[in-house]
Amino acid sequence: MWWSLLHVLGWSVYIGGALVMEFVWRPAQAAMPQSQIAVACEWMGRRYRWVAAASLALIGVSGVAMAIRSDETLTLSNPWGRTVAALIVVWVAMSATLAGIAISGHPSLHTRMSADATDEERKASREQVRRAIARMDTLLRLDLFLALLAALLGAGLHSGGAL
């Protein structure tokens, strides 16, 4: 029972965070100047990646514990086993997406211009930030899609598997 509670808690925090990023945070950026978006993304990203990483770890640990304790046979020859295998693949993809956000997507938002930068350098720096924000949008949408896919697959486990 505790593993199930922890699993649901992990998924609630993860999907809730992904939904907030997509439907609250991204639309709020529309009214912000690009320079403020970069600073706000820096702060949001620092917090979100740790919450998301902790949630993914909780989901992984509790999911493995529940699979071990289950009476079902974990083979690819039955729907339950195939669904669990698909969930593992999705979890790995979500972890890779989060790593992409933290390692390559997010740090590129932190470009700083020197006070004596030329107009051309400022323009290039702004373009770099714009591309980084667009990349982050894509990664966050992919992350939300994967989380919702995992939720749908997981819901099918109670009836013996979805695949």
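Residues numbered from 1 in each chain as written. Predicted model: local features only at pLDDT ≥ 70, side-chain atom pairs only at ≥ 80, totals over all residues. Heavy atoms only, no water.

(A) Structural view of the overall build of the protein. If you tally the helices and strands in the protein, you get four helices and zero strands. Listing each helix as α and each strand as β along the protein from the N terminus yields α-α-α-α. Relative to the globule expectation of 15 Å for 163 residues, the C-alpha radius of gyration of the protein, 19 Å, shows a markedly less compact shape. Over its C-alpha atoms, taken along the principal directions, the protein stretches across nearly 65 × 25 × 20 Å. Looking at the protein as a whole, 37% of its 163 residues qualify as buried. Relative to all contacts within the protein whose residues are 6 or more apart in sequence, the contacts with residues 24 or more apart total 78%. Accessible surface, the protein as shown: approximately 9,500 Å² in total, 69% of it carbon and sulfur. Treating the 14 positive side-chain charges of the protein as one cloud and the 11 negative ones as another, the clouds have centres 2 Å apart. (Helix = DSSP H or I, 4+ residues; strand = E, 2+ residues; numbered from the N terminus. Rg over C-alpha atoms; globule rule 2.2 N^0.38 Å. Buried < 20%, exposed > 50% of the residue type's maximum accessible area, 1.4 Å probe, protein only. Contact = heavy atoms within 4.5 Å. Areas by Shrake-Rupley, 256 points an atom, 1.4 Å probe, with all protein chains shown as cover. Lys, Arg positive; Asp, Glu negative; His and termini not counted. Charge placed at Lys NZ, Arg CZ, Asp CG, Glu CD.)

(B) Layout of the pattern of salt bridges. Across all of its chains, the model carries two salt bridges by this definition. For E22, the salt bridge is made with R141, and the minimal N-O distance between the two is 2.9 Å. With E22 in helix α1 (residues 2-29) and R141 in helix α4 (residues 119-155), the pair connects residues that are 119 residues apart, well separated along the chain. The class for R141 is partly exposed, based on a relative accessible area of 44%. R26 is the salt-bridge partner of D137, the closest N and O atoms lying 2.8 Å from each other. On the criterion of sequence distance, the pair formed by D137 in helix α4 and R26 in helix α1 is long-range, its members being 111 residues apart. (Salt bridge = Lys/Arg side-chain N within 4 Å of Asp/Glu carboxyl O.)

(C) Quick look at the packing of α1 against α4. Packing of α1 against α4 brings their axes to within 10 Å, and their N-to-C directions diverge by 145°. For α1 against α4, the interelement crossing comes out left-handed. Facing W11, Y14, I15, A18, L19, M21, E22, F23, R26 and Q29 of α1, the residues of α4 in contact are I133, M136, D137, L140, R141, D143, L144, A147, L148, A150 and A151. When its residues are assigned to classes, the contact of α1 with α4 shows 15 nonpolar, one polar and five charged. (Axes fitted to C-alpha atoms, helices over the stretch in contact; angles between N-to-C directions. Left-handed = near helix turned anticlockwise from the far one by under 90°. Nonpolar A, V, L, I, M, F, W, Y, C, P; charged D, E, K, R; others polar.)

(D) Representation of the packing of aromatic side chains. All told, the structure shown has one aromatic pair when counted by the stated rule. Measuring from ring centre to ring centre gives 6.4 Å for W11 and Y14, while their planes differ by 80°; the resulting arrangement is edge-to-face. Residue W11 and its partner Y14 are located together in helix α1, separated by three residues, close to a single helical turn. Residue classification places Y14 among the buried residues on the basis of a relative accessible area of 2%. (Phe/Tyr/Trp six-rings, centres within 6.5 Å; stacked < 30°, edge-to-face > 60°.)

(E) Quick look at the nonpolar core. One finds W11, Y14, Y48, V90, M94, A147 and A150 to be the most contacted residues of the largest nonpolar core, which totals 30 residues. Of all the secondary-structure elements, those providing two or more residues to this core are α1, α2 (34-69), α3 (79-105) and α4. When residues in this core are grouped by element, the largest group, ten residues, is from α4. Residue contacts for M94: discarding those within four places in its chain leaves W11, Y14, L56, D143, L146, A147 and A150. (Core = buried A, V, L, I, M, F, W, Y, C linked by side-chain atoms within 4.5 Å.)

(F) Expanded view of α1. Compared with an ideal rise of 1.5 Å per residue, which puts 28 residues at 40 Å, α1 spans 39 Å between its outermost C-alpha atoms and is within 8% of the ideal. Of all bends in α1, the biggest is about 35°, found at M21. Restricting attention to buried positions, one finds in α1 the residues H7, G10, W11, Y14, I15, G17, A18, M21, E22, W25, R26 and Q29. (Expected span 1.5 Å × (residues − 1). Bend = angle between axes of the 7 residues up to and from the residue.)

(G) Representation of a nonpolar patch on the surface in the model. Taken together, the side chains of W3, L6, L9, V13, V51 and V61 present a nonpolar region at the surface, about 470 Å² in accessible area. Structurally, V51 is set in helix α2. (Patch = residues over 30% accessible without salt bridge, like charges linked within 9 Å, V, L, I, M, F, W, Y side chains within 5 Å.)

(H) Up close: the environment of A102. Position of A102 among the secondary structure elements: in helix α3. A residue is classified by how much of its surface remains accessible, and A102, at 22% relative accessible area, is partly exposed. Considering only alpha carbons, one finds A102 and R46, 56 residues apart in sequence, at a separation of 8.3 Å.

(I) Fine view of the confidence of the model for the protein. Across the protein, pLDDT averages 83, with 94% of residues at or above 70. At the level of individual helices and strands, the protein shows its lowest average pLDDT in α2, which scores 84, and its highest in α1, which scores 88. (pLDDT = per-residue confidence, 0-100.)

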